[in-house]
Amino acid sequence: MPDRLQADGQALSGGPPGSNSRVALRVLLTLLALFLAAAGVVALFVWNGLRPAPEGEKVTVEVARGSSPFKVADLLKEKGVIRNAFFFKYYLRYRKEGSGFQAGQYELTPGMTHDAIIAKLNAGDTVKAETIRFTIPEGFTVKQIADKLKAESLIDEAEFLKLADNPKAFPWQGAMGGIPKDADIRHRMEGYLFPETYEMDKNSTEKDILTRMLDELDNKLSQLPEGWEGRLEKLGLTFHEMMTIASLVEREVVVDEERPLVAGVIYNRLKEKMPLQIDATVQYALDKPKERLYEKDLKVESPYNTYQIPGLPPGPIASPSLSSIRAALYPEPSEYLYYVTKKDGTQTHLFARTYREHLNNITKSKQTAERGGNTGGGN
């Protein structure tokens, strides 16, 4: 009997058969519901974080060189382009993106998808910076360059010329590294500012412009035939002297085909220790160039007046073109010592070996027209 009661007591205390299973099921379902609810909340949170930001007006975003992808994410959030930087960072990590982002200024619109933003940053689809554009003609002097840039409201002329004469402002080597410390040089950078059409950032300073033009000369020199430096030694010249000859050719010659021949005349006269007697050097020596030179002008006292000084002037008298630089490096051999401009409008020259031939050429030139033309090389 006690055994039966004990068994009945156990049955009574344990409840109806199967009740424990129902309790366990309820607990499991409750936990599952809580888990699903939590997962739903997390999913909603993630979904919301990955949604595009509310649409808005375009904004400019400057991605600095060397910026990490995470730093870019923070910048995009700051500018309102994305909704959540945290999720964008991990989206980048998930997509294995960000390493190809390019520096620059971008126009981005709040509301863009993450993939669209990533594609734009990868492509370097930057905003084209506002630029200035100017052209420096061949044969311009430093003063003429400064005047032109001033007229176009691009520089402060006084600051530009000050920098062009300051050897400490541009300490690096390169083409201008060979400029001698000669007190007679009028402008240190004369001849070294390459004549070209330039496009630069709108906020470029005078120093930026000078640096760009100096760099362009180095760039153009790289286009010369290989081994051109060896020509200097063969010609017995320094780079500065070669540039000086190139500038003389530039100011004396218009037709490209004649440049090597005129360069050859200059070398011939130097070899014979004859004064170069180049009118362009006199024009450079004068405070203001003249339309026509007179006898008294040829007597002006200046280290640049090749009617009065032996050999070359202290430095270039203008910015030579690459054609003139080539001519100075590779002059055309001849026995000519003189040349005079034809006055028939062709802007070509008559060449002579002797002074008598030169005088005859001057007469021929005058017969073709009443006015015009420069003489050079012994006129």
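To be clear, the structure that these remarks concern was listed above.
Read on for a plain summary of the structure. Along each chain, numbering runs from 1 in the same order as the chain's sequence is written. Predicted model: local features are reported for residues with pLDDT of at least 70 only, side-chain atom pairs are reported and counted for 80 or more only, and whole-chain, interface and lining totals are derived from all residues. Note that water and hydrogens are dropped before the side-chain values are worked out from all heavy atoms of the structure.

## Remarks on helix α6 (residues 142-151)
Note the following rule: Note on exposure labels: buried denotes an accessible area under 20% of the residue type's maximum, exposed denotes more than 50%, and partly exposed covers the range between, all computed with a 1.4 Å probe on protein chains only. Only DSSP runs of H or I reaching four residues or more are called helices, and only runs of E reaching two or more are called strands; each is numbered from the N terminus. The arc in question is the one spanned by the directions pointing from the helix axis to the C-beta atoms. Contacts: residue pairs with any heavy atoms within 4.5 Å of one another.
The set of residues buried in α6 consists of Val142, Ile145, Ala146 and Leu149. Within α6, the buried residues cover an arc of 100° as seen down the axis, which keeps them to one side. If you follow the buried residues of α6, they end up packed against β3 (131-135), α7 (157-164) and α8 (206-221). Looking one or two residues beyond α6, the residue adopting positive phi is Ser153, at roughly 60°.

## Considering unusual backbone geometry
One non-glycine residue, Ser153, lies in the positive phi region at around 60°. Within the secondary structure layout, Ser153 lies in the loop between α6 and α7. Residue Lys273 is not a glycine yet carries a positive backbone phi of 60°. Here Lys273 lies in the loop between α11 (259-271) and α12 (279-285). The exposure class assigned to Lys273 is exposed, which follows from its relative accessible area of 76%.

## Structural notes on helix α10 (residues 239-252)
This is how it is decided: To estimate how far a helix should reach, multiply one less than its number of residues by 1.5 Å.
The end-to-end C-alpha distance of α10, which contains 14 residues, comes to 20 Å, matching closely the 20 Å that a straight helix rising 1.5 Å per residue would cover. Taken across its 14 residues, α10 has 12 buried, putting it largely inside the fold.

## A few points about the side chain of Lys220
Inclusion rule: Counted as a polar contact is a pair of N or O atoms within 3.5 Å, where, for protein atoms, one must be capable of donating a hydrogen and the other of accepting one, and residues adjacent in sequence contribute only when both atoms are in side chains.
Mapped onto the secondary structure, Lys220 falls in helix α8. A relative accessible area of 11% means that Lys220 is categorised as buried. Only 3.0 Å separates the side chain of Lys220 from the side chain of Glu196, close enough to count as a polar contact. Apart from residues no more than four positions distant in its own chain, Lys220 is found in contact with Phe194, Glu196 and Leu322.

## Digging into the pattern of salt bridges
Selection rule: For salt bridges, the criterion is a side-chain nitrogen of Lys or Arg within 4 Å of an Asp or Glu carboxyl oxygen.
Per the stated rule, a full pass over the model turns up 16 salt bridges. The partner of Lys143 in a salt bridge is Glu157, and the shortest N-O contact between them spans 3.4 Å. Of the two residues, Lys143 is situated in helix α6 and Glu157 in helix α7; the sequence distance between them amounts to 14 residues. For Glu157, a relative accessible area of 14% gives the class buried. With a shortest N-O distance of 3.6 Å, Arg259 and Glu250 are connected by a salt bridge. On the basis of relative accessible area, Glu250 is assigned to the buried category, the value being 8%.

## Describing the packing of aromatic side chains
Rules: Each aromatic pair joins two rings of Phe, Tyr and Trp (for Trp, the six-membered one) with centres within 6.5 Å, and gets the label stacked for planes under 30 degrees apart, edge-to-face for over 60, and tilted for any other angle.
A full pass over the atoms with the stated rule returns 10 aromatic pairs. With centroids separated by 5.3 Å and ring planes inclined at 80°, the aromatic side chains of Phe86 and Phe87 adopt a geometry described as edge-to-face. Note on Phe87: relative accessible area 10%, which makes it buried. Ring geometry for Tyr338 against Tyr355: centres 5.8 Å apart, planes inclined by 50°, an arrangement best described as tilted. Of the two residues, Tyr338 sits in strand β5 (residues 338-341) while Tyr355 sits in helix α14 (residues 355-368), which places them 17 residues apart along the sequence. Accessibility expressed as a relative area gives 42% for Tyr355, which makes it partly exposed. Three or more aromatic residues joined by ring pairs form one cluster here, namely Phe70, Phe86, Phe87 and Tyr90.

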